[in-house]
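# Residue-level structural notes
Chain by chain, the residues:
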Amino acid sequence: MKLYVLPPSPRALKVIALKNYLALECEMHIVDLGKGDQLTPEYIAMNPNKKMPVLEDDGFVLWESNAILFYLASKKPQSGLWPSDVRAQADVLRWLAWESAHWDAESIGMVGYEKTSRRVLGLGPADPAFIARGEQNFDRFAAVLTQHLKDRTWLTGNDLTIADFSVGGMASAAVRLELPVTKFPEISRWYDRLAALPAWRASMVQR
């Protein structure tokens, strides 16, 4: 398998961390967005969205980081990271959708785009109005997450799943983006447990 990523992007981090956790052999390729690697005809043929990460496995090409998490977990079903029970699967899917629609697009990812991505991509200065909106949304969605995590070790209960890798990827960026994570101790407790995994620590080193 090949992974096309750009650390320290949280979308790359979660995929790399899961690859490490499952001890999967992957050939790593850096996609330097600042140099326009995502704009080459070869890369656009793999991902017409001109984003990363991308996974390629024996001719099968997959983009969208949460889909990649599912695919990697399917390689090691015995890991339990993708549960076998239908209701448990639906619960994981719920958090993958929440991460993409809210945690990323409307809060942490919105702030990250304005503070970091615009500069890397040469798109000019950040828009303070979008940063303020992302910060407000962070408080809103962090409150949802912290309430859910009460009395739970991991997002869906007592067992680690790809939902934790998905939501944790963006959580890793929150402190760097100066978002008030410390206001939400349940999130800090949960993320500290995730970040203590050797596979997660190894992915951070690759940043």
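Look above for the structure.
Read on for an overview of the structure. On a predicted model such as this, the values are computed, not experimentally measured, just so you know.

Turning next to the nonpolar core. Grouped together as the largest cluster of nonpolar side chains are 60 residues, with contacts concentrated most on Trp103, Ile108, Phe138, Leu145, Ile187 and Trp190. Looking at this core element by element, the count peaks at 8 residues for helix H6 (residues 162–176). In contact with Phe138, not counting residues within four places along its chain, are Trp103, Ser107, Ile108, Ala174, Leu179, Pro180, Val181 and Phe184.

On to the sheet that holds strand E2 (residues 27–30), then. The strand order across the open sheet built from 4 strands is E2-E1-E3-E4, with neighbouring strands paired in mixed fashion. Taken across any chain shown, the strands that pair with only one partner, and hence form the sheet edges, are E2 and strand E4 (60–63). This sheet shows a mean twist of 20 degrees between the axes of neighbouring strands, independent of strand direction. By the bridge criterion, 3 bridges tie strand E1 (residues 2–5) to strand E3 (residues 54–57) in an arrangement that is antiparallel. Across the sheet, residue Tyr4 finds its bridge partner in E3, namely Val54. Against the sheet, helix H1 (residues 10–21) touches E1 and E2, its axis set at about 150 degrees to E1. Packing of helix H3 (residues 65–75) onto the sheet brings it into contact with E1, E3 and E4, and relative to E4 it is tilted by some 130 degrees.

Take the pairing of E2 next. As defined by bridge partners, E1 adjoins E2 across 4 bridges and the pair is classed as parallel. Within the sheet, the bridge partner assigned to Tyr4 lies in E2 and is His29. What joins E1 to E2 is H1, and the crossover it makes is right-handed.

A word on helix H4 (residues 86–120). The terminal C-alpha atoms of H4, which comprises 35 residues, lie only 41 Å apart, well short of the 51 Å expected from a rise of 1.5 Å per residue. The largest bend along H4 measures about 55 degrees and falls at Gly109. The N-cap residue of H4 is Asp85: its side-chain oxygen and the backbone nitrogen of Arg87 are 3.1 Å apart. Immediately beyond the C-terminal end of H4, within one or two residues, lies Gly122, with a positive phi of roughly 70 degrees.

A few words on the side chain of His148. The topology assignment puts His148 in helix H5 (residues 128–149). Looking at His148, its side chain comes within polar contact range of the main-chain oxygen of Leu155, at 2.6 Å. Those residues in contact with His148, other than ones at most four positions away along the chain, are Trp95 and Leu155.

For Val120, the location among the structural elements is in helix H4. Of the residues examined, Val120 reaches a relative accessible area of 34% and is grouped as partly exposed. Sequence separation between Val120 and Ile16 is 104 residues; the distance between their C-alpha atoms is 21 Å. Beyond its immediate chain neighbours, meaning those up to four positions away, Val120 contacts Leu33 and Gly34.

Further remarks concern the packing of aromatic side chains. Scanning the model with the defined rule gives 12 aromatic pairs in all. Note on Trp103 and Phe138: the rings are 5.5 Å apart at their centroids and 25 degrees apart in plane angle, and the pair reads as stacked. Taken together, the residues span a long stretch of sequence, with Trp103 in helix H4 and Phe138 in helix H5 at a distance of 35 residues. Here Trp103 and Phe138 have matching classes, each one buried. Joined through ring pairs, the aromatic side chains of Trp95, Trp98, Trp103, Phe138, Phe141 and Phe184 make up one cluster.

So, how was this worked out
Residues numbered from 1 in each chain as written. Predicted model: local features only at pLDDT ≥ 70, side-chain atom pairs only at ≥ 80, totals over all residues. Heavy atoms only, no water. Core = buried A, V, L, I, M, F, W, Y, C linked by side-chain atoms within 4.5 Å. Buried < 20%, exposed > 50% of the residue type's maximum accessible area, 1.4 Å probe, protein only. Helix = DSSP H or I, 4+ residues; strand = E, 2+ residues; numbered from the N terminus. Contact = heavy atoms within 4.5 Å. Pairing = 2+ DSSP bridges. Axes fitted to C-alpha atoms, helices over the stretch in contact; angles between N-to-C directions. Right-handed = clockwise from strand over helix to strand, strands pointing away. Expected span 1.5 Å × (residues − 1). Bend = angle between axes of the 7 residues up to and from the residue. Polar contact = N/O pair within 3.5 Å; in protein donor to acceptor, adjacent residues only side chain to side chain. Phe/Tyr/Trp six-rings, centres within 6.5 Å; stacked < 30°, edge-to-face > 60°.

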